[in-house]
Amino acid sequence: MHSGRWFIVLPDSEQALAIARRVQPFACGSIAHASGRPWLMGCWDGDGIAVGSSDANRVAAIGTFSATEADLSRWAARGDEPEPPGALHLIASLDGRVRVRGSMSGTHRVFHALVDGVTVAADRARTLAWLTDAPLDEGQLAVRMAYPQPPHPMEDTALWQGVEALAGGSVLTVDPTGTAHVRRWWQPPEPELPLEEGAVALREALLEAVELRTRGGGVLGADLSGGLDSTSLCFLAARTGAQLVTVTLRWAAAGNEDADWADRAAAHLPGCERLVYGPDELPPFFTGIGSLGEGRSEDEPTMGVREDAQQDVIDQELLKRGARLRLCGHGGDHVVQSPPSYVHGLFRRSPTEALRNAMGYRARHRWPAAATARMLLDRTPYRRWLAAAGDSLTAAPTRWPEPWGTSPRMPPWASGDAVAAVAALLRRAETEPLDPARGRHGRIHQAQTVGRIGRQMIMRELVTDSPFCDDKVIEACLSVRAEATASPWAYKPLLVRAMRGLVPDEVLTRTTKDHSGDEWFSGLRLQRPALAALAEDSLLVRYGLVDADSLRRALLSPQLATVPAQALEQTLGHEMWLRDLEAHPTPAYLWKEHHAAAH
């Protein structure tokens, strides 16, 4: 199940009153401007919102934060723009102007649209699409089919025509007439810190992020996968005195080490209750792939289609034990270390060190010598690289470094129209990179990609939250020299150094990652009848985004696919998302009954 949390932000104007009347039957609460007109409307957790006021000003925080009402009132009096730690939305009503911002990472996003001639902001694009009866943007939907992921800024968009997505790190201001203005508030820190100083900064940021989530007391669920990221969070949470119920999955593949490493860590966490699931103790992967569910669709297709049924079972077990939150290590892989593209910038500052690192990556990933040299010497501007990516959407994926990251590819079952639409969007993209330095661009893009996925996780009934997606944690990582965070000869050196003394040395020696490939193929085999039904009556085919015969072959013979499993999962996520939207034109989270049942 997913949560019933949502909100909209209205301008301080008479024109907005009619919108408020339309929304009122669905809202659980409302907060007014100083004028008395509706400002914030929606459904939220009582301990997840705080509001401060001073004269004609109001400031609200929604999410995970340490700011008090007194803090918010001081900010309201000054009318300034604070940057509190945590993962949250900040909404202000300042002398008739409305200001709304989310997080840089994308865990807390902001969308806006013209509704009856005035700009309305919301935390969900779908709320605004429902208010405006907006049609889907099929071109943007096609972009989301690209793998391994769409390049910046293709993921920043909303999937409905007329609904705008605020880029991470930007703030929306709406004046009393309902006119909107957007500006940037976030800038990345300079990557100046060496490993030792950077480790201290990351340690402090992670400790603060975990304490924000444990300070309410009570029971917390926590993934204990055996990986460094989730394991570190378990030890940090236990250090605060939190009562933990940890979750470990034992995968079937021979030689899989995840559970063994989780057992080692658990031996140092004697006060924690453990939930350990074997391969046959949870629903198989892709269970429920053919059912419509409960109208849980969010703002975009989810990659959770594979394990949604499993996570529901785990969440219910944690809820039975009184858990109010579930910690996970999502994003750690992408936040605490730079992608190898950092060697491009390093080559200009320290050629010898860059060549040494590049040769290490070349040996590790079997990069061709010529491709490695081209990557180091390339000067292609970002816009030109994007345009060129539009010409290679159907080419075989490369296995060597590219100038600005991995060029997107469309799956072989994508229709010609879908490929053409994505190519046109890439060629028309008038955008700059997230940072002039390619490694920095890659680091920020990685952080925002995992943040958007993390956003889907915090929308679950039992919030599944990762401190690695907090802006302050990401900033701590970005403040460290890229070559200190990643190395072809060391595994997550920044995180390992940061956790020294907090996590047992024995646990910090792991240098591998495992997978659940056996369960992936087994789940698809078990769901063959449901997959066949999807292929015969596909909404993606009806929308003209997918070729029916090619999709049928891919779904019924996934072991023959020559594309990564992620591409097939993304397509399944698209199909289920479209079906859910069609079956539930009014989002389930707008039902007050849904919110009451979830809380």
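Residues numbered from 1 in each chain as written. Predicted model: local features only at pLDDT ≥ 70, side-chain atom pairs only at ≥ 80, totals over all residues. Heavy atoms only, no water.

Caption draft 1: Highlighting the overall build of the protein chain. Helix and strand counts for the protein chain stand at 24 helices and 17 strands. Its C-alpha radius of gyration of 24 Å places the protein chain within 12% of the 25 Å reference for a compact globule of 599 residues. If one aligns the C-alpha atoms of the protein chain with their principal axes, the spans along those axes are about 65 × 55 × 50 Å. Across the 599 residues in the protein chain, those meeting the buried criterion constitute 60%. Sequence-distant contacts, at least 24 apart, represent 73% of the contacts inside the protein chain between residues at least 6 apart. Of the roughly 23600 Å² of accessible surface on the protein chain, 52% is carried by carbon and sulfur atoms. Positive and negative side-chain charges of the protein chain, numbering 63 and 74 respectively, have mean locations separated by a distance of 4 Å. (Helix = DSSP H or I, 4+ residues; strand = E, 2+ residues; numbered from the N terminus. Rg over C-alpha atoms; globule rule 2.2 N^0.38 Å. Buried < 20%, exposed > 50% of the residue type's maximum accessible area, 1.4 Å probe, protein only. Contact = heavy atoms within 4.5 Å. Areas by Shrake-Rupley, 256 points an atom, 1.4 Å probe, with all protein chains shown as cover. Lys, Arg positive; Asp, Glu negative; His and termini not counted. Charge placed at Lys NZ, Arg CZ, Asp CG, Glu CD.)

Caption draft 2: The arrangement of the state of the cysteines in detail. A complete count under the given rule lists 1 disulfide for this structure. Of all cysteine sulfurs in the structure, the one in Cys272 sits closest to Cys234, which takes part in no disulfide; the separation is 6.9 Å. On the basis of relative accessible area, Cys234 is assigned to the buried category, the value being 1%. (Disulfide = S-S within 2.5 Å.)

Caption draft 3: Local environment of helix H1 (residues 16–23). All buried positions along H1 are accounted for by Ala16, Ile19, Ala20 and Val23. Looking straight down H1, one finds that the buried residues subtend no more than 100° of arc, so they occupy a single side. Buried positions along H1 lie against strand S1 (6–9), strand S3 (38–43), strand S8 (111–115), strand S9 (118–122) and helix H3 (125–132). (Arc of directions from axis to C-beta.)

Caption draft 4: Structural context of the pairing of S8. Taking burial as the measure, the 5 residues of S8 include 4 buried ones, the bulk of the element. With 5 bridges connecting them, S8 and S9 associate as antiparallel partners. Bridging from a neighbouring strand, Phe111 pairs with Ala122 of S9. Counting the residues that bridge the hairpin from S8 to S9 gives 2 residues, and of these Asp116 lies at a positive phi of roughly 50°. Bridging between S8 and strand S10 (residues 163–165) involves 3 bridges; their strand directions are antiparallel. Within the sheet, the bridge partner assigned to Phe111 lies in S10 and is Ala165. (Pairing = 2+ DSSP bridges.)

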